[in-house]
Amino acid sequence: MSLPIDPPAAPPLDGAGFPARAVVDLAAIRGNVRTLRERASGAEVLAVVKADAYGHGLVPSARAAVEGGATWLGVAQASEALALRAGGIGPDDARLLTWLHAPGVDFAALLESDVDVSVAASWAVDDVVAAARSTGRTARVHLKVDTGLGRNGVMADDLDSVLPALLEAEAEGVLRLVGLWSHLALADEPGHPSVRAQRVVFEDVLDRAEHAGARLEVRHLANSAATVTAPELHYDLVRPGLAVYGMSPVPQLASSRELGLVPAMTVEASLATVKRVRAGQGVSYAHLYTTTQDTVLGVVPLGYGDGIPRHASGGAAGPGGPVLVGHDDAARVVRVAGRVCMDQVVLDLGPDTTERAGDTVRLFGVDEPLAAGGTAPTAQDWADAASTISYEITTRLGARIPRVHIDTEGLAPSTEHA
Ligand SMILES: *Cc1c(COP(=O)(O)O)cnc(C)c1O
(Lines give C-alpha, C1' and ligand atoms only; values in the text may rest on other atoms or scores of the structure.)
Protein backbone atom coordinates (compact mmCIF):
# COMPACT_ATOMS: atom_id res chain seq x y z
CA MET A 1 0.00 0.00 0.00
CA SER A 2 1.30 3.44 -0.82
CA LEU A 3 0.74 6.22 1.64
CA PRO A 4 -0.05 9.75 0.55
CA ILE A 5 2.84 12.02 1.35
CA ASP A 6 2.32 15.67 2.20
CA PRO A 7 4.68 17.57 -0.06
CA PRO A 8 6.71 20.31 1.58
CA ALA A 9 5.13 23.69 0.87
CA ALA A 10 6.87 25.28 -2.09
CA PRO A 11 6.86 29.04 -2.45
CA PRO A 12 4.77 30.10 -5.45
CA LEU A 13 6.72 31.13 -8.51
CA ASP A 14 6.51 34.88 -8.61
CA GLY A 15 8.24 35.24 -11.95
CA ALA A 16 10.81 37.67 -10.61
CA GLY A 17 13.80 37.63 -12.93
CA PHE A 18 12.26 35.09 -15.30
CA PRO A 19 13.45 35.99 -18.81
CA ALA A 20 10.03 35.67 -20.46
CA ARG A 21 6.44 36.72 -19.83
CA ALA A 22 2.90 36.31 -21.03
CA VAL A 23 1.46 39.80 -21.19
CA VAL A 24 -2.34 39.76 -21.06
CA ASP A 25 -4.19 42.90 -22.12
CA LEU A 26 -7.41 43.06 -20.15
CA ALA A 27 -8.70 45.77 -22.49
CA ALA A 28 -8.64 43.22 -25.31
CA ILE A 29 -10.74 40.77 -23.28
CA ARG A 30 -13.20 43.53 -22.41
CA GLY A 31 -13.42 44.63 -26.04
CA ASN A 32 -13.84 41.07 -27.34
CA VAL A 33 -16.76 40.48 -24.98
CA ARG A 34 -18.36 43.72 -26.18
CA THR A 35 -17.97 42.50 -29.76
CA LEU A 36 -19.46 39.09 -28.89
CA ARG A 37 -22.40 40.75 -27.15
CA GLU A 38 -23.15 42.68 -30.32
CA ARG A 39 -23.00 39.44 -32.28
CA ALA A 40 -25.20 37.56 -29.80
CA SER A 41 -28.53 38.86 -31.13
CA GLY A 42 -29.79 39.85 -27.71
CA ALA A 43 -28.67 36.70 -25.94
CA GLU A 44 -26.71 37.12 -22.73
CA VAL A 45 -23.00 36.27 -22.79
CA LEU A 46 -21.49 33.60 -20.54
CA ALA A 47 -17.72 34.01 -20.79
CA VAL A 48 -15.99 30.65 -20.38
CA VAL A 49 -13.00 31.08 -18.06
CA LYS A 50 -12.12 27.42 -17.36
CA ALA A 51 -8.50 26.24 -17.31
CA ASP A 52 -7.19 29.50 -15.87
CA ALA A 53 -9.11 31.45 -18.51
CA TYR A 54 -7.43 29.46 -21.30
CA GLY A 55 -4.11 30.29 -19.66
CA HIS A 56 -4.78 34.03 -19.37
CA GLY A 57 -5.24 34.16 -15.57
CA LEU A 58 -8.59 33.27 -14.01
CA VAL A 59 -9.67 36.18 -11.86
CA PRO A 60 -8.29 39.18 -13.84
CA SER A 61 -9.69 37.72 -17.07
CA ALA A 62 -13.07 37.00 -15.50
CA ARG A 63 -13.27 40.51 -14.13
CA ALA A 64 -12.45 42.00 -17.54
CA ALA A 65 -15.09 39.80 -19.19
CA VAL A 66 -17.68 41.04 -16.71
CA GLU A 67 -16.63 44.64 -17.39
CA GLY A 68 -17.12 43.93 -21.10
CA GLY A 69 -20.71 42.86 -20.50
CA ALA A 70 -20.62 39.15 -19.68
CA THR A 71 -23.45 38.59 -17.20
CA TRP A 72 -22.45 34.96 -16.70
CA LEU A 73 -19.12 33.13 -16.25
CA GLY A 74 -18.63 29.44 -16.91
CA VAL A 75 -16.05 26.93 -15.69
CA ALA A 76 -15.65 23.19 -15.94
CA GLN A 77 -14.62 22.44 -12.37
CA ALA A 78 -16.13 23.20 -8.98
CA SER A 79 -12.71 24.32 -7.73
CA GLU A 80 -12.56 26.96 -10.46
CA ALA A 81 -15.98 28.34 -9.51
CA LEU A 82 -14.97 28.56 -5.86
CA ALA A 83 -11.69 30.26 -6.86
CA LEU A 84 -13.66 32.91 -8.75
CA ARG A 85 -15.86 33.62 -5.75
CA ALA A 86 -12.80 33.64 -3.45
CA GLY A 87 -11.15 36.02 -5.91
CA GLY A 88 -13.90 38.54 -5.39
CA ILE A 89 -16.29 37.83 -8.28
CA GLY A 90 -19.50 38.01 -6.29
CA PRO A 91 -23.06 36.95 -7.14
CA ASP A 92 -23.89 40.56 -8.00
CA ASP A 93 -21.03 40.66 -10.51
CA ALA A 94 -21.94 37.54 -12.49
CA ARG A 95 -23.97 34.35 -12.44
CA LEU A 96 -21.58 31.42 -12.34
CA LEU A 97 -22.11 28.00 -13.93
CA THR A 98 -19.93 24.95 -13.39
CA TRP A 99 -20.49 21.76 -15.35
CA LEU A 100 -18.05 18.90 -15.04
CA HIS A 101 -18.60 16.98 -11.83
CA ALA A 102 -17.63 13.54 -10.63
CA PRO A 103 -19.18 11.77 -7.66
CA GLY A 104 -17.81 13.29 -4.47
CA VAL A 105 -18.00 16.87 -5.77
CA ASP A 106 -18.89 19.27 -2.98
CA PHE A 107 -22.20 20.59 -4.31
CA ALA A 108 -22.91 22.09 -0.87
CA ALA A 109 -19.90 24.40 -1.20
CA LEU A 110 -21.09 25.46 -4.65
CA LEU A 111 -24.60 26.21 -3.40
CA GLU A 112 -23.20 28.16 -0.44
CA SER A 113 -21.20 30.21 -2.96
CA ASP A 114 -24.26 30.90 -5.11
CA VAL A 115 -23.02 28.89 -8.08
CA ASP A 116 -25.39 27.39 -10.68
CA VAL A 117 -24.60 23.72 -11.23
CA SER A 118 -25.02 21.51 -14.23
CA VAL A 119 -26.45 18.04 -13.87
CA ALA A 120 -25.55 15.39 -16.47
CA ALA A 121 -26.47 12.12 -14.79
CA SER A 122 -28.93 10.82 -12.22
CA TRP A 123 -26.29 10.49 -9.47
CA ALA A 124 -25.84 14.26 -9.75
CA VAL A 125 -29.56 14.88 -9.23
CA ASP A 126 -29.42 12.90 -5.99
CA ASP A 127 -26.29 14.67 -4.81
CA VAL A 128 -27.57 18.17 -5.65
CA VAL A 129 -30.85 17.46 -3.88
CA ALA A 130 -28.96 16.22 -0.81
CA ALA A 131 -26.72 19.31 -0.85
CA ALA A 132 -29.72 21.62 -1.18
CA ARG A 133 -31.40 19.96 1.77
CA SER A 134 -28.28 20.05 3.94
CA THR A 135 -27.51 23.71 3.19
CA GLY A 136 -31.08 24.99 3.05
CA ARG A 137 -30.18 26.62 -0.28
CA THR A 138 -32.38 26.31 -3.36
CA ALA A 139 -30.08 24.83 -6.01
CA ARG A 140 -30.11 26.42 -9.45
CA VAL A 141 -29.68 23.55 -11.88
CA HIS A 142 -28.92 23.37 -15.63
CA LEU A 143 -29.71 20.02 -17.22
CA LYS A 144 -26.99 19.05 -19.70
CA VAL A 145 -28.29 17.00 -22.61
CA ASP A 146 -26.10 15.13 -25.07
CA THR A 147 -27.72 16.05 -28.39
CA GLY A 148 -25.04 14.30 -30.41
CA LEU A 149 -21.58 15.33 -29.20
CA GLY A 150 -21.11 11.95 -27.57
CA ARG A 151 -19.43 13.32 -24.47
CA ASN A 152 -20.85 14.63 -21.20
CA GLY A 153 -24.60 14.96 -20.74
CA VAL A 154 -27.76 12.87 -20.46
CA MET A 155 -28.55 11.20 -23.79
CA ALA A 156 -31.67 12.80 -25.26
CA ASP A 157 -33.32 9.36 -25.29
CA ASP A 158 -32.69 9.03 -21.56
CA LEU A 159 -34.28 12.34 -20.56
CA ASP A 160 -36.85 10.46 -18.47
CA SER A 161 -34.10 9.08 -16.26
CA VAL A 162 -33.46 12.55 -14.78
CA LEU A 163 -36.15 15.07 -15.75
CA PRO A 164 -38.98 13.71 -13.53
CA ALA A 165 -36.69 13.67 -10.49
CA LEU A 166 -35.62 17.25 -11.18
CA LEU A 167 -39.19 18.48 -11.57
CA GLU A 168 -40.28 16.63 -8.44
CA ALA A 169 -37.48 18.27 -6.45
CA GLU A 170 -38.47 21.60 -7.97
CA ALA A 171 -42.08 21.10 -6.84
CA GLU A 172 -40.74 20.54 -3.32
CA GLY A 173 -38.82 23.80 -3.53
CA VAL A 174 -35.44 22.11 -3.20
CA LEU A 175 -34.13 23.29 -6.55
CA ARG A 176 -34.95 25.38 -9.60
CA LEU A 177 -34.41 23.86 -13.02
CA VAL A 178 -33.24 27.13 -14.56
CA GLY A 179 -31.43 25.87 -17.64
CA LEU A 180 -31.35 23.24 -20.31
CA TRP A 181 -28.26 23.08 -22.44
CA SER A 182 -26.05 21.15 -24.79
CA HIS A 183 -22.74 21.41 -26.65
CA LEU A 184 -21.92 21.08 -30.36
CA ALA A 185 -19.48 18.64 -31.94
CA LEU A 186 -18.71 20.54 -35.17
CA ALA A 187 -19.65 24.16 -34.60
CA ASP A 188 -16.33 25.12 -36.21
CA GLU A 189 -17.65 23.71 -39.50
CA PRO A 190 -20.67 25.93 -40.08
CA GLY A 191 -23.31 24.19 -42.18
CA HIS A 192 -22.10 20.72 -41.22
CA PRO A 193 -25.14 18.40 -41.11
CA SER A 194 -24.34 17.40 -37.53
CA VAL A 195 -24.93 20.99 -36.38
CA ARG A 196 -28.41 20.96 -37.88
CA ALA A 197 -29.07 17.50 -36.46
CA GLN A 198 -28.02 18.57 -32.95
CA ARG A 199 -30.29 21.61 -33.18
CA VAL A 200 -33.25 19.40 -34.10
CA VAL A 201 -32.60 17.15 -31.09
CA PHE A 202 -32.13 20.20 -28.84
CA GLU A 203 -35.47 21.68 -29.95
CA ASP A 204 -37.17 18.35 -29.33
CA VAL A 205 -35.70 18.05 -25.85
CA LEU A 206 -36.75 21.62 -25.05
CA ASP A 207 -40.30 20.81 -26.15
CA ARG A 208 -40.42 17.67 -24.07
CA ALA A 209 -39.04 19.43 -21.00
CA GLU A 210 -41.44 22.34 -21.31
CA HIS A 211 -44.37 19.98 -21.82
CA ALA A 212 -43.34 18.13 -18.68
CA GLY A 213 -43.58 21.41 -16.81
CA ALA A 214 -40.06 22.88 -16.93
CA ARG A 215 -40.05 26.69 -16.74
CA LEU A 216 -36.62 27.38 -18.15
CA GLU A 217 -34.85 30.68 -17.69
CA VAL A 218 -31.98 29.98 -20.11
CA ARG A 219 -31.56 27.59 -23.02
CA HIS A 220 -27.98 27.51 -24.31
CA LEU A 221 -26.04 25.73 -27.03
CA ALA A 222 -23.52 28.07 -28.71
CA ASN A 223 -19.74 28.08 -28.13
CA SER A 224 -17.50 30.71 -29.79
CA ALA A 225 -17.85 29.26 -33.27
CA ALA A 226 -21.65 29.16 -33.11
CA THR A 227 -21.72 32.62 -31.53
CA VAL A 228 -19.89 34.15 -34.51
CA THR A 229 -21.38 32.00 -37.30
CA ALA A 230 -24.87 30.79 -36.35
CA PRO A 231 -27.42 33.28 -34.92
CA GLU A 232 -30.12 30.57 -34.98
CA LEU A 233 -28.17 28.76 -32.25
CA HIS A 234 -27.91 31.68 -29.82
CA TYR A 235 -31.08 31.01 -27.77
CA ASP A 236 -30.97 32.89 -24.43
CA LEU A 237 -27.28 32.61 -23.63
CA VAL A 238 -24.11 32.08 -25.65
CA ARG A 239 -21.00 30.47 -24.14
CA PRO A 240 -17.89 31.75 -25.94
CA GLY A 241 -14.47 30.85 -24.58
CA LEU A 242 -11.77 31.09 -27.23
CA ALA A 243 -13.19 34.25 -28.83
CA VAL A 244 -13.17 36.04 -25.47
CA TYR A 245 -9.38 35.83 -25.63
CA GLY A 246 -9.34 37.13 -29.19
CA MET A 247 -8.58 33.94 -31.10
CA SER A 248 -10.63 32.84 -34.10
CA PRO A 249 -12.79 29.75 -33.50
CA VAL A 250 -13.02 29.27 -37.29
CA PRO A 251 -9.46 30.02 -38.47
CA GLN A 252 -10.04 28.31 -41.81
CA LEU A 253 -12.87 30.81 -42.51
CA ALA A 254 -11.89 34.04 -40.79
CA SER A 255 -8.93 35.40 -38.84
CA SER A 256 -9.48 37.02 -35.46
CA ARG A 257 -8.91 40.39 -37.15
CA GLU A 258 -11.69 39.67 -39.66
CA LEU A 259 -14.00 38.77 -36.77
CA GLY A 260 -13.18 42.01 -34.95
CA LEU A 261 -11.40 40.15 -32.14
CA VAL A 262 -8.07 41.14 -30.59
CA PRO A 263 -5.71 38.45 -29.20
CA ALA A 264 -5.26 39.29 -25.53
CA MET A 265 -2.02 37.40 -24.87
CA THR A 266 1.49 38.23 -26.04
CA VAL A 267 4.31 35.84 -25.15
CA GLU A 268 7.76 37.37 -25.28
CA ALA A 269 11.23 36.46 -24.06
CA SER A 270 14.71 37.94 -23.76
CA LEU A 271 17.36 36.28 -25.92
CA ALA A 272 19.67 34.42 -23.55
CA THR A 273 22.58 33.89 -25.94
CA VAL A 274 23.46 35.24 -29.39
CA LYS A 275 26.52 33.68 -31.03
CA ARG A 276 28.26 33.14 -34.35
CA VAL A 277 28.56 29.61 -35.74
CA ARG A 278 29.90 28.11 -38.94
CA ALA A 279 27.99 26.58 -41.82
CA GLY A 280 27.20 22.93 -41.14
CA GLN A 281 26.57 23.38 -37.42
CA GLY A 282 23.90 20.98 -36.15
CA VAL A 283 21.42 22.77 -33.90
CA SER A 284 19.80 21.43 -30.70
CA TYR A 285 19.03 17.80 -29.79
CA ALA A 286 19.28 15.28 -32.61
CA HIS A 287 20.56 17.99 -34.95
CA LEU A 288 17.21 18.19 -36.79
CA TYR A 289 18.45 21.47 -38.26
CA THR A 290 21.88 22.26 -39.71
CA THR A 291 23.08 25.73 -40.62
CA THR A 292 23.61 26.21 -44.36
CA GLN A 293 25.95 29.20 -44.01
CA ASP A 294 28.06 30.97 -41.42
CA THR A 295 25.34 32.51 -39.29
CA VAL A 296 24.20 33.72 -35.87
CA LEU A 297 22.14 31.61 -33.48
CA GLY A 298 19.89 33.06 -30.80
CA VAL A 299 18.75 31.06 -27.77
CA VAL A 300 15.22 31.78 -26.50
CA PRO A 301 14.76 30.70 -22.86
CA LEU A 302 11.37 29.01 -23.29
CA GLY A 303 10.66 25.37 -24.04
CA TYR A 304 8.16 22.58 -23.58
CA GLY A 305 8.56 22.97 -19.82
CA ASP A 306 6.78 26.27 -20.40
CA GLY A 307 4.18 24.73 -22.70
CA ILE A 308 5.91 25.52 -25.98
CA PRO A 309 4.88 22.51 -28.10
CA ARG A 310 7.73 20.15 -29.02
CA HIS A 311 5.82 19.48 -32.21
CA ALA A 312 6.77 23.02 -33.27
CA SER A 313 10.41 21.96 -33.69
CA GLY A 314 11.92 22.99 -37.03
CA GLY A 315 14.02 20.93 -39.42
CA ALA A 316 13.90 18.98 -42.62
CA ALA A 317 10.40 17.72 -41.75
CA GLY A 318 8.95 21.22 -41.68
CA PRO A 319 9.35 24.76 -40.39
CA GLY A 320 9.27 25.38 -36.65
CA GLY A 321 7.13 27.82 -34.73
CA PRO A 322 7.43 31.49 -35.77
CA VAL A 323 9.16 34.12 -33.65
CA LEU A 324 9.15 37.88 -34.25
CA VAL A 325 12.61 39.44 -33.89
CA GLY A 326 13.60 43.07 -34.27
CA HIS A 327 11.41 46.12 -34.03
CA ASP A 328 9.50 48.57 -36.19
CA ASP A 329 10.67 48.52 -39.81
CA ALA A 330 13.28 45.86 -39.01
CA ALA A 331 10.79 43.41 -37.46
CA ARG A 332 10.86 40.02 -39.15
CA VAL A 333 9.67 36.48 -38.52
CA VAL A 334 12.22 33.72 -37.91
CA ARG A 335 11.32 30.04 -37.47
CA VAL A 336 12.46 27.82 -34.60
CA ALA A 337 15.56 25.90 -35.73
CA GLY A 338 15.76 22.32 -34.49
CA ARG A 339 14.20 20.67 -31.46
CA VAL A 340 12.15 22.49 -28.91
CA CYS A 341 13.88 21.55 -25.61
CA MET A 342 12.48 21.64 -22.09
CA ASP A 343 13.72 25.16 -21.36
CA GLN A 344 14.86 26.65 -24.64
CA VAL A 345 14.54 26.92 -28.39
CA VAL A 346 17.10 28.15 -30.91
CA LEU A 347 16.65 30.64 -33.74
CA ASP A 348 18.88 30.99 -36.82
CA LEU A 349 18.99 34.79 -36.93
CA GLY A 350 21.06 34.96 -40.12
CA PRO A 351 24.61 36.30 -40.64
CA ASP A 352 23.67 39.98 -40.71
CA THR A 353 21.52 40.13 -37.60
CA THR A 354 21.91 43.04 -35.20
CA GLU A 355 20.21 41.12 -32.36
CA ARG A 356 22.05 40.88 -29.07
CA ALA A 357 21.59 38.90 -25.89
CA GLY A 358 18.87 40.56 -23.83
CA ASP A 359 16.85 41.74 -26.82
CA THR A 360 13.15 40.90 -26.70
CA VAL A 361 11.61 38.47 -29.16
CA ARG A 362 7.91 37.67 -29.46
CA LEU A 363 6.52 34.18 -29.92
CA PHE A 364 2.95 35.25 -30.48
CA GLY A 365 0.51 38.10 -29.95
CA VAL A 366 -1.60 40.42 -32.10
CA ASP A 367 -1.45 39.77 -35.85
CA GLU A 368 -0.26 43.27 -36.71
CA PRO A 369 1.06 43.84 -40.25
CA LEU A 370 4.84 44.07 -40.60
CA ALA A 371 6.65 46.65 -42.73
CA ALA A 372 8.58 43.79 -44.34
CA GLY A 373 5.29 42.16 -45.37
CA GLY A 374 3.26 39.46 -43.66
CA THR A 375 1.97 39.70 -40.11
CA ALA A 376 3.35 39.20 -36.63
CA PRO A 377 2.92 35.61 -35.41
CA THR A 378 -0.20 34.55 -33.52
CA ALA A 379 -1.15 31.62 -31.31
CA GLN A 380 -2.93 30.29 -34.41
CA ASP A 381 0.39 30.30 -36.30
CA TRP A 382 1.93 28.23 -33.49
CA ALA A 383 -1.05 25.90 -33.61
CA ASP A 384 -0.48 25.45 -37.34
CA ALA A 385 3.23 24.77 -36.78
CA ALA A 386 2.43 22.13 -34.15
CA SER A 387 -0.63 20.60 -35.89
CA THR A 388 -2.92 21.58 -33.05
CA ILE A 389 -5.49 24.28 -32.21
CA SER A 390 -4.90 27.74 -30.75
CA TYR A 391 -6.85 26.71 -27.63
CA GLU A 392 -4.00 24.38 -26.70
CA ILE A 393 -1.27 26.94 -27.33
CA THR A 394 -2.44 29.42 -24.68
CA THR A 395 -4.07 26.93 -22.31
CA ARG A 396 -1.02 24.71 -21.95
CA LEU A 397 1.32 27.63 -21.28
CA GLY A 398 3.28 26.65 -18.18
CA ALA A 399 2.92 28.07 -14.71
CA ARG A 400 6.63 28.99 -14.86
CA ILE A 401 5.90 31.85 -17.28
CA PRO A 402 4.73 34.86 -15.30
CA ARG A 403 1.43 36.36 -16.46
CA VAL A 404 1.62 40.14 -16.51
CA HIS A 405 -1.76 41.82 -16.76
CA ILE A 406 -1.90 45.20 -18.42
CA ASP A 407 -4.81 47.37 -19.41
CA THR A 408 -4.40 49.51 -22.49
CA GLU A 409 -7.87 51.03 -22.25
CA GLY A 410 -8.16 54.57 -20.95
CA LEU A 411 -5.62 57.32 -20.50
CA ALA A 412 -2.99 55.91 -18.19
CA PRO A 413 -2.19 52.22 -18.81
CA SER A 414 -1.78 50.51 -15.47
CA THR A 415 0.06 47.28 -14.81
CA GLU A 416 -0.66 44.59 -12.31
CA HIS A 417 1.11 41.30 -11.68
CA ALA A 418 -1.07 38.26 -11.17
C1 LIG B 1 -15.13 25.01 -23.31
C2 LIG B 1 -16.57 25.07 -23.50
C3 LIG B 1 -17.17 26.16 -24.16
C4 LIG B 1 -16.38 27.25 -24.85
O5 LIG B 1 -15.93 26.75 -26.08
P6 LIG B 1 -15.13 27.69 -27.12
O7 LIG B 1 -15.00 26.84 -28.31
O8 LIG B 1 -13.84 28.00 -26.46
O9 LIG B 1 -15.96 28.89 -27.31
C10 LIG B 1 -18.55 26.22 -24.20
N11 LIG B 1 -19.30 25.24 -23.64
C12 LIG B 1 -18.75 24.16 -23.05
C13 LIG B 1 -19.62 23.10 -22.49
C14 LIG B 1 -17.39 24.03 -22.97
O15 LIG B 1 -16.84 22.95 -22.39
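Residues numbered from 1 in each chain as written. Predicted model: local features only at pLDDT ≥ 70, side-chain atom pairs only at ≥ 80, totals over all residues. Heavy atoms only, no water.

S.K.: Mind showing me how you'd approach the overall build of the protein here?
M.R.: Regarding its fold elements, the protein presents 11 helices and 21 strands. The C-alpha atoms of the protein give 24 Å as radius of gyration, which agrees with the globular expectation for 418 residues (22 Å, within 12%). By principal-axis analysis of the C-alpha atoms, the protein measures approximately 80 × 50 × 50 Å. Buried residues in the protein amount to 53% of all 418 residues. Long-range pairs, those at least 24 residues apart, make up 65% of the contacts in the protein between residues at least 6 apart in sequence. In the form shown here, the protein has an accessible surface area of approximately 18,500 Å², with 51% of it arising from carbon and sulfur atoms. (Helix = DSSP H or I, 4+ residues; strand = E, 2+ residues; numbered from the N terminus. Rg over C-alpha atoms; globule rule 2.2 N^0.38 Å. Buried < 20%, exposed > 50% of the residue type's maximum accessible area, 1.4 Å probe, protein only. Contact = heavy atoms within 4.5 Å. Areas by Shrake-Rupley, 256 points an atom, 1.4 Å probe, with all protein chains shown as cover.)

S.K.: Teacher, can you tell me more about the packing of helix α3 (residues 58-67) against helix α4 (residues 78-86) here?
M.R.: Relative orientation and spacing of two packed helices are given, respectively, by the angle between their axes and the distance between those axes. Contact pair α3 / α4: the axes reach a minimum separation of 10 Å and the direction vectors enclose 70°. When the axes of α3 and α4 are compared, the pair comes out roughly perpendicular. On the side of α3, the interface is formed by Leu58, Val59 and Ala62, while α4 contributes Glu80, Ala83 and Leu84. (Axes fitted to C-alpha atoms, helices over the stretch in contact; angles between N-to-C directions. Parallel < 35°, antiparallel > 145°, perpendicular 65-115°, else oblique.)

S.K.: Explanation requested: the site of the ligand in the structure shown.
M.R.: As a matter of local geometry, the ligand sits amid 14 residues, with Lys50, Tyr54, Ser224, Gly241 and Tyr391 nearest to it. Residue Tyr54 places a side-chain N or O atom 2.6 Å away from an oxygen atom belonging to the ligand. Here a nitrogen atom of the ligand sits 3.5 Å away from a polar atom, N or O, in the side chain of His183. A total of 390 Å² of accessible area belongs to the ligand in isolation, and the protein chains cover 94% of it. Residues of the shell around the ligand, tallied by class, amount to 7 nonpolar, 4 polar and 3 charged. (Near = heavy atom within 4 Å. Polar contact = N/O pair within 3.5 Å; in protein donor to acceptor, adjacent residues only side chain to side chain. Nonpolar A, V, L, I, M, F, W, Y, C, P; charged D, E, K, R; others polar.)

S.K.: Teacher, can you tell me more about the domain arrangement of the protein here?
M.R.: Frequently, the measure chosen for interface size is the accessible area removed from exposure when the parts meet. Entries for the protein in the domain assignment read domain 1 (26-245) and domain 2 (265-399). Between domain 1 and domain 2, the C-alpha centre-to-centre distance is 38 Å. Each partner contributes residues to the interface: domain 1 has 5 residues there, and domain 2 has 5 residues. Here domain 1 and domain 2 share an interface that buries about 520 Å² over both sides, 64% of which is from carbon and sulfur atoms. If you sort the residues of domain 1 by the area they bury against domain 2, Tyr54, His56 and Leu242 come out on top, with a joint share of 70%. If you look at where domain 1 meets domain 2, you find 0 salt bridges. Put simply, domain 1 and domain 2 have 2 residue pairs in polar contact (both at pLDDT 80 or more) between them. In terms of residue class, the side of domain 1 that touches domain 2 is made up of 3 nonpolar, 2 polar and no charged. (Domains from an automatic or database assignment. Buried area = accessible area lost by both parts, 1.4 Å probe. Salt bridge = Lys/Arg side-chain N within 4 Å of Asp/Glu carboxyl O.)

S.K.: Help me out: how do you make sense of the nonpolar core in this one?
M.R.: A general trend in soluble globular proteins is that nonpolar side chains are found buried together. Of all hydrophobic cores here, the largest spans 123 residues; its most connected members are Leu73 and Leu143. A total of 6 residues in this core trace back to one element, the largest contributor, which is helix α6 (residues 122-135). Once you skip the residues sitting within four places of it in the chain, Leu73 turns out to touch Leu46, Ala47, Val49, Ala62, Ala65, Val66, Leu84, Ile89, Ala94, Arg95, Leu96 and Leu97. Counting 5 residues, the second largest nonpolar core, distinct from the first, contains Val277, Val283, Leu297 and Val346. (Core = buried A, V, L, I, M, F, W, Y, C linked by side-chain atoms within 4.5 Å.)

S.K.: Got a minute to help me understand the pattern of salt bridges in this structure?
M.R.: This structure, assessed with the given rule, holds 21 salt bridges. The shortest N-O distance in the salt bridge between Arg21 and Glu268 comes to 3.1 Å. Taken as a pair, Arg21 in strand β1 (residues 20-25) and Glu268 in strand β11 (residues 265-270) lie far apart in primary sequence, 247 residues in all.

S.K.: Would you take a moment to explain the packing of aromatic side chains for this structure?
M.R.: Aromatic rings considered in pairs are described by the distance between their centres and by the relative angle of their planes. For the structure shown, the criterion picks out 5 aromatic pairs. Geometrically, the ring pair formed by Trp99 and Trp181 is tilted, given 5.3 Å between the ring centres and 55° between the ring planes. Highlighted residues: Trp99 in the loop between β4 (95-98) and α5 (107-112) and Trp181 in strand β8 (residues 175-181), separated in sequence by 82 residues. Per residue, the accessibility class of Trp99 equals that of Trp181, and both read buried. Here the aromatic cluster, defined as three or more aromatic residues joined through ring pairs, consists of Tyr54, Tyr245 and Tyr391. Here Lys144 stacks its cationic end above the ring of Trp181, 4.3 Å away from the centre of that ring. (Phe/Tyr/Trp six-rings, centres within 6.5 Å; stacked < 30°, edge-to-face > 60°. Lys NZ or Arg CZ within 6 Å of the ring centre and 35° of its normal.)

S.K.: When you look at helix α1 (residues 26-39) in this model, what are you seeing that I'm missing?
M.R.: Counting along an α-helix, one turn takes 3.6 residues, and residues three or four places apart therefore face a common direction. In a regular helix each residue adds 1.5 Å, so 14 residues correspond to 20 Å; α1 covers 20 Å between its end C-alpha atoms and thus fits that length. For α1, the buried fraction is high: 10 of the 14 residues fall into the buried class. Turning to α1, its buried residues are Leu26, Ala27, Ala28, Ile29, Arg30, Gly31, Asn32, Val33, Thr35 and Leu36. On its buried face, α1 sits against β1, β2 (44-48), α3, α9 (224-229) and β20 (403-407). N-capping of α1 is provided by Asp25, with a side-chain oxygen placed 3.0 Å from the backbone N of Ala27. (Expected span 1.5 Å × (residues − 1).)

S.K.: Would you take a moment to explain unusual backbone geometry for this structure?
M.R.: Most peptide bonds take the trans configuration, and most residues that are not glycine carry a negative phi. One non-glycine residue, Tyr235, adopts positive backbone phi at about 50°. Despite not being glycine, Ser284 has its phi angle at roughly 65°, a positive value. As for its placement among the helices and strands, Ser284 is situated in the loop between β13 (282-283) and β14 (289-290).

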